[in-house]
Amino acid sequence: MLKRSVTAHYPDVEPDLPPRSRGVIALQEENCTSCMLCARECPSWCIEIDSHKETIPATTEGGKDRSINVLDRFDIDYSICMYCSICIEVCPFDALHWSPEFAYAEGDITDLTHDMNRLREWMWTVPAPPALDEGAEKSKELAAYEAKLNPPEVAE
Ligand code: SF4
Ligand code: SF4
């Protein structure tokens, strides 16, 4: 109310958006296990996932073969997405992230469905996570990684 409203001359002047703006969803394919949680929780039903199973042979003698899901298809239809962020919140494997990029309007509505290759490309525009607060506890993954890099010295 106390600030004068100003018309921004987009696209000549790019808006100064907060880094965590909900522009487009990026997929880190390597993290996705095809668990389908995001697709099931999406209130707009705009996520389509297909996958198949592959067997990874045991790496040790007497060990068991492992079965993994391999993504064949991961589409998000932005013509019906509500940008609610539920898919990102529920993903247990940090495979989905917000990018602040928003300039992907299309003349043909079908082009608003981004396939997994396009969703993967958005990953390069995802900002780095903010630094932890001073004194905050490290995540257990980071603590384990650092412990592996610098194992405690064993007294002789
Ligand atoms: S942001 Fe919301 S509507 Fe869009 S894909 Fe994710 S869960 Fe669905
Ligand atoms: S919730 Fe995450 S891991 Fe599961 S299918 Fe969706 S993106 Fe992949």
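Let me sum up the structure you'll find in this document. Only a predicted model underlies this, so the values are computations on that prediction, with no experimental measurement involved.

About the thresholds
- Residues numbered from 1 in each chain as written.
- Chains lettered and ligands numbered in written order.
- Predicted model: local features only at pLDDT ≥ 70, side-chain atom pairs only at ≥ 80, totals over all residues.
- Heavy atoms only, no water.
- Helix = DSSP H or I, 4+ residues; strand = E, 2+ residues; numbered from the N terminus.
- Buried < 20%, exposed > 50% of the residue type's maximum accessible area, 1.4 Å probe, protein only.
- Areas by Shrake-Rupley, 256 points an atom, 1.4 Å probe, with all protein chains shown as cover.
- Lys, Arg positive; Asp, Glu negative; His and termini not counted.
- Charge placed at Lys NZ, Arg CZ, Asp CG, Glu CD.
- Patch = residues over 30% accessible without salt bridge, like charges linked within 9 Å, V, L, I, M, F, W, Y side chains within 5 Å.
- Salt bridge = Lys/Arg side-chain N within 4 Å of Asp/Glu carboxyl O.
- Near = heavy atom within 4 Å.
- Nonpolar A, V, L, I, M, F, W, Y, C, P; charged D, E, K, R; others polar.
- 1 Å grid on protein atoms, 1.4 Å probe; cavity = no way out; pocket = protein on both sides within 12 Å on 5 of 7 lines; lining within 4 Å.
- Points joined across faces, edges and corners; volume = space filled by probe spheres on them.
- Core = buried A, V, L, I, M, F, W, Y, C linked by side-chain atoms within 4.5 Å.
- Contact = heavy atoms within 4.5 Å.
- Polar contact = N/O pair within 3.5 Å; in protein donor to acceptor, adjacent residues only side chain to side chain.

1. Topic: the overall build of the protein chain
- Within the protein chain one finds 4 helices and 5 strands.
- Ordered by position from the N terminus, the helices and strands of the protein chain form the series β-α-β-β-α-β-β-α-α.
- Projected onto its principal axes, the C-alpha positions of the protein chain cover 70 × 45 × 25 Å.
- Scored against the burial criterion, the 156 residues of the protein chain give a buried share of 26%.
- If you sum the accessible surface of the protein chain, you get close to 12,000 Å²; carbon and sulfur atoms cover 54% of it.
- A distance of 4 Å separates the average location of the 14 positive side-chain charges in the protein chain from that of its 29 negative side-chain charges.

2. Brief notes about a nonpolar patch on the surface
- Taken together, the side chains of Tyr10, Leu17 and Phe102 present a nonpolar region at the surface, about 270 Å² in accessible area.
- Within the secondary structure, Leu17 is located in the segment before strand S1 (24-27).

3. Some details on the site of ligand 1
- Within the structure, ligand 1 sits among 13 residues, and Cys42, Cys81, Met82, Cys84 and Cys87 are positioned closest to it.
- For the shell around ligand 1, the residue count by class is 11 nonpolar, 2 polar and no charged.

4. Examining the layout of surface pockets
- In this structure, the largest pocket spans a volume of roughly 220 Å³.
- As for the largest pocket, its lining consists of Arg20, Ile88, Glu89, Cys91, Asp94, Leu96, His97, Trp98, Val126, Pro127, Ala128 and Pro129.
- Counting only elements with at least two residues in the lining of the largest pocket, the list comes to helix H2 (86-90) and strand S4 (96-99).
- Partitioned by chemical class, the residues of the lining of the largest pocket number 8 nonpolar, 1 polar and 3 charged.
- Of the pockets and cavities examined, the second largest pocket occupies roughly 170 Å³.
- As for the second largest pocket, its lining consists of Asp94, Ser139 and Glu141.

5. Considering the nonpolar core
- By size, the foremost hydrophobic cluster in this structure holds 29 residues, and its most contacted members are Ile25, Leu27, Ile47, Phe74, Tyr78 and Leu96.
- Listing elements by their share of this core, those giving two or more residues are S1, helix H1 (37-41), strand S2 (47-56), strand S3 (66-77), H2, S4 and helix H3 (116-121).
- When residues in this core are grouped by element, the largest group, 4 residues, is from S1.
- Those residues within four positions of Leu96 in sequence are excluded, and the remaining contacts are Ile25, Ala26, Leu27, Cys38, Phe74, Cys87, Ile88 and Cys91.

6. What to know about the side chain of Asp75
- By the element assignment, Asp75 lies in strand S3.
- We classify Asp75 as buried; its relative accessible area is 13%.
- Polar contacts involving the side chain of Asp75 include one to the side chain of Arg73, which spans 2.8 Å.
- Among residues more than four places away in sequence, those in contact with Asp75 are Cys46, Ile47, Glu48, Thr113, His114, Asp115, Met116 and Leu119.

7. Topic: the environment of His52
- Along the chain, the position of His52 falls in strand S2.
- With relative accessibility at 30%, the residue His52 sits in the partly exposed group.
- For His52, the side chain forms a polar contact with the side chain of Asp72, separated by 2.8 Å.

Just geometry here; none of it tells us what the structure is for.
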